[in-house]
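If you want the building blocks of each chain, they are given just below.
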Amino acid sequence: MTPVLAVKNLVKIYRTAGAPVPAVRGVDLEVEQGEFVAVMGPSGSGKSTLVHVMAGLDSRTDGEIWLAGERVDTLGEAAWAVKRRKHIGFVFQFFNLVANMTVADNVELPALLAGQSARQARERRDYLLGELGLTAQADSPPGRLSGGEQQRVALARALANQPTLLLADEPTGNLDSGNTRDVLRLLKAVHGNGQSIVLVTHDARVATMADRVLTLCDGQITDDGRIKGRGGGVSDVVRLRG
Ligand SMILES: Nc1ncnc2c1ncn2[C@@H]1O[C@H](COP(=O)(O)OP(=O)(O)OP(=O)(O)O)[C@@H](O)[C@H]1O
Ligand SMILES: [Mg+2]
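Thresholds applied
- Residues numbered from 1 in each chain as written.
- Chains lettered and ligands numbered in written order.
- Predicted model: local features only at pLDDT ≥ 70, side-chain atom pairs only at ≥ 80, totals over all residues.
- Heavy atoms only, no water.
- Pairing = 2+ DSSP bridges.
- Helix = DSSP H or I, 4+ residues; strand = E, 2+ residues; numbered from the N terminus.
- Salt bridge = Lys/Arg side-chain N within 4 Å of Asp/Glu carboxyl O.
- Buried < 20%, exposed > 50% of the residue type's maximum accessible area, 1.4 Å probe, protein only.
- Contact = heavy atoms within 4.5 Å.
- Donors = N, O, S within 2.8 Å, 3.2 Å for Na, K, Ca; no water.

(A) Expanded view of the sheet that holds strand S4 (residues 62-67). Pairing is antiparallel in the open sheet, where four strands are placed in the order S2-S1-S4-S5. In this open sheet, the two strands that pair with only one neighbour each are strand S2 (21-31) and strand S5 (70-71). One ladder, built from two bridges, connects S4 with S5; its direction is antiparallel. Of the residues in S5, the one forming a bridge with Leu67 is Glu70.

(B) Main features of the pattern of salt bridges. All chains considered together, the criterion is met by 16 salt bridges. For Arg212, the salt bridge identified is with Glu35, shortest N-O distance 3.2 Å. Of this pair, Arg212 sits in strand S9 (residues 212-217) while Glu35 sits in the loop between S2 and strand S3 (36-40), and the two are 177 residues apart along the sequence. Members of the salt-bridge network, linked through shared partners, are Lys8, Arg60, Glu64, Arg71 and Asp73.

(C) Summary view of the side chain of Asn106. With respect to the element layout, Asn106 can be found in helix H3 (residues 103-113). Taking the relative accessible area as the measure of exposure, Asn106 reaches 1% and is therefore buried. Aside from chain neighbours lying at most four places away, what touches Asn106 is Leu97, Val98, Met101, Pro142, Val153 and Arg157.

(D) Up close: the coordination of the magnesium ion (ligand 2). Listed as protein donors to the magnesium ion (ligand 2) are Ser48 (OG) and Gln93 (OE1); their distances from the metal cover 2.0 to 2.3 Å. Here Gln93 lies in the loop between strand S6 (88-91) and H3 and Ser48 lies in helix H1 (residues 47-54), a separation of 45 residues in the sequence. For Ser48, a relative accessible area of 22% puts it in the partly exposed group. Residue classification places Gln93 among the partly exposed residues on the basis of a relative accessible area of 23%.

Below you can see the structure in the form of structure tokens.
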């Protein structure tokens, strides 16, 4: 089957005022449909850079990026953005919510941009906010929420248009155990629904939910372990409504 996402010899070198920083140094990776991949590795190993570049949110220095069987790194920015909206949901490590919009509007926006009807977008938003315990915050601006609440809003937003691929950068990084459970329950439902997930995490307990755990060190994959008996059928599938 065509991988949802494939990268070949992906390289990202940040060129700033000082010496160039090689953050991703030749990564090859294929993510299959329905696969749940955890990315671990020390701080500064290039995890955020890798997921940003794979999503086209930052430019690559070299290599190829394929989304649902189509090469995207050679597309213009606008064409790539259309593909991204259709296929990818992204949870940023530092949320990136729109400050002057309500929580509800932040979550609804991607679904509207992807062409869903206002009613569909609203229903999906209400479902996601409910699942993540955020209904009471729907009409607040994100700035009035705690870090953990904002992180859950960021996850709801990423799931709004039911992406084939969820790229999530530390989505449980600021959460207490109760909220981590809510997020993991939703991720399990997303996985059970056949969507693919690439999840950056420092938390080994979170990584145990994945089918496959990649370790990144100095911008390279140093370990790629599939967890035995996983992949494909998840026994306790939770159906995503709506
Ligand atoms: N915008 C940037 N400009 C220059 N260097 C950068 C930039 N962003 C990241 N880096 C550098 O690239 C390397 C990889 O950073 P990255 O944020 O991808 O690591 P990470 O694995 O996500 O770390 P963490 O676990 O702390 O989130 C680091 O050396 C970092 O300092
Ligand atoms: Mg990071």
